[in-house]
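# Structural overview for review
What follows is each chain in one-letter form.
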Amino acid sequence: MVRRALLTCWCLTMSMHAVNADEIYVTNEKDNSVSVIDGRTLSVVRTLAVGKRPRGIAFSRDFTKFFVCASDSNSVQVYDATTGTMLHDLPSGADPEQFALSHDGQRLYIANEDNAVTTVVDVGTRQVVGQIDVGIEPEGMAVSPDDKIAVTTSETTNMVHLIDTATFDVIANVLVDQRPRYAQFTPDGAKLWVSSEIGGTVSIIDVAKREIEKKITFAIPGVARDSIQPVGIRMTRDAKTAFIALGPANRVAVVDVETATPKSYVLVGQRVWHLELSPKEDFLFTTNGVSNDVTVVDTASLRAIKSIKVGRYPWGVANRATPEHTAGSAPLDSKTPTETR
């Protein structure tokens, strides 16, 4: 009896330990898997099998479930975050790449690259509630902090489409530089940052005026300009610093948000694609699609401190935070990456 009680106590302790650990989930395009990294040991602790060609990944607002864009399975898959068990599919439209979860957790906005639409799914009923025609090869998705505007970027059309979430009408089309990949609102919702991969810039859009107010360019000594290809963006909650993945430049740009000026560049793995901050924002995690690893950057020193080997073609990344890190604070933005290789 004593032995059984001790065993039960040990199991409960280990279970609580596992649940309370911050974890970083990384989608691996070529392996149809998700690598799970322990946020303290900075090592892969398990690998989950998912659908074909997983790219975008995000957590539900309570972190009990995660969503994966299984692009070649033509579905968004929903998994139990603790067990890794697949719960169900959501109707997603053809070739879902990237999505954004509304801040109330009720809707998923999905970019469908093959048929030039944005699909809107009610997470609770698992039903499509709208489809909006957008430009050719939609890729990036974002939702404003007040959930009133959804954004889709179209790679081939080189546009950002602003969508009224109440009516599903496209209320503005903003022309940006070539091949827009990713979009992120500032925490106050006043500005929208959009990366243009081939254009080599990040456009800052005034949401109220629906026009570009500034463009950020990058220059790295010894790196050819056409190798500097901005993709993923991650902004700190205080809106002071933005980290921007620069693709085959193998660097992350550290940008002062107020002045929209690059302050420095951090060398990471090969073809850095997407980014995620830890809940305390003390670490930045980058997915490096060619070197098949994740670089961990210390945000205080702005130095890469570790490379973690994951699966083939790591693409999307999302952080599963502990309750202690999420209580009383705004949830991290759940948008995630997308790429056509």
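Refer to the structure printed above.
What comes next concerns the included structure.

What counts and how
- Residues numbered from 1 in each chain as written.
- Predicted model: local features only at pLDDT ≥ 70, side-chain atom pairs only at ≥ 80, totals over all residues.
- Heavy atoms only, no water.
- Pairing = 2+ DSSP bridges.
- Helix = DSSP H or I, 4+ residues; strand = E, 2+ residues; numbered from the N terminus.
- Axes fitted to C-alpha atoms, helices over the stretch in contact; angles between N-to-C directions.
- Buried < 20%, exposed > 50% of the residue type's maximum accessible area, 1.4 Å probe, protein only.
- Phe/Tyr/Trp six-rings, centres within 6.5 Å; stacked < 30°, edge-to-face > 60°.
- Salt bridge = Lys/Arg side-chain N within 4 Å of Asp/Glu carboxyl O.

### Comments concerning the sheet that holds strand 16 (residues 180-185)
Ordered by their spatial adjacency, 4 strands build an open sheet running 16-17-18-19, and the pairing between neighbours is antiparallel. Two strands lie at the open edges of the sheet, namely strand 16 and strand 19 (211-216), each paired on one side alone. The sheet shows a mean angle of 25° between the axes of neighbouring strands, direction not considered. Summarising the sheet, strand 18 (residues 201-206) and strand 19 pair through 5 bridges and their orientation is antiparallel. Of the residues in strand 19, the one forming a bridge with Ser-203 is Lys-215.

### Comments concerning the pairing of strand 28 (residues 314-320)
In terms of burial, strand 28 is largely enclosed, as 7 of its 7 residues are buried. Pairing geometry for strand 1 (residues 23-28) and strand 28, over 5 bridges, is antiparallel. Bridging across to strand 28, Glu-23 finds its partner in Arg-320.

### Observations concerning the packing of aromatic side chains
Tallying each qualifying case throughout the model produces 6 aromatic pairs. Taken together, the aromatic side chains of Tyr-25, Phe-59, Phe-63, Phe-66 and Tyr-79 make up a single cluster linked through ring pairs.

### Structural notes on the pattern of salt bridges
Under the counting rule described, the total for this entry stands at 17 salt bridges. The salt bridge partner of Arg-46 is Glu-23, with a shortest N-O separation of 2.9 Å. One end of the pair, Arg-46, is in strand 3 (residues 43-49); the other, Glu-23, is in strand 1, with 23 residues separating them in the sequence. In this structure, the salt-bridge partner of Asp-95 is Arg-55, at a minimum N-O distance of 3.0 Å. Taken together, the residues Asp-95 in the loop between strand 7 (86-90) and strand 8 (96-101) and Arg-55 in strand 4 (residues 54-59) connect sequence positions 40 residues apart. For Arg-55, a relative accessible area of 0% puts it in the buried group. Three or more residues joined by partner-sharing salt bridges are found here, namely Glu-139, Glu-155, Arg-179, Arg-181 and Glu-197.

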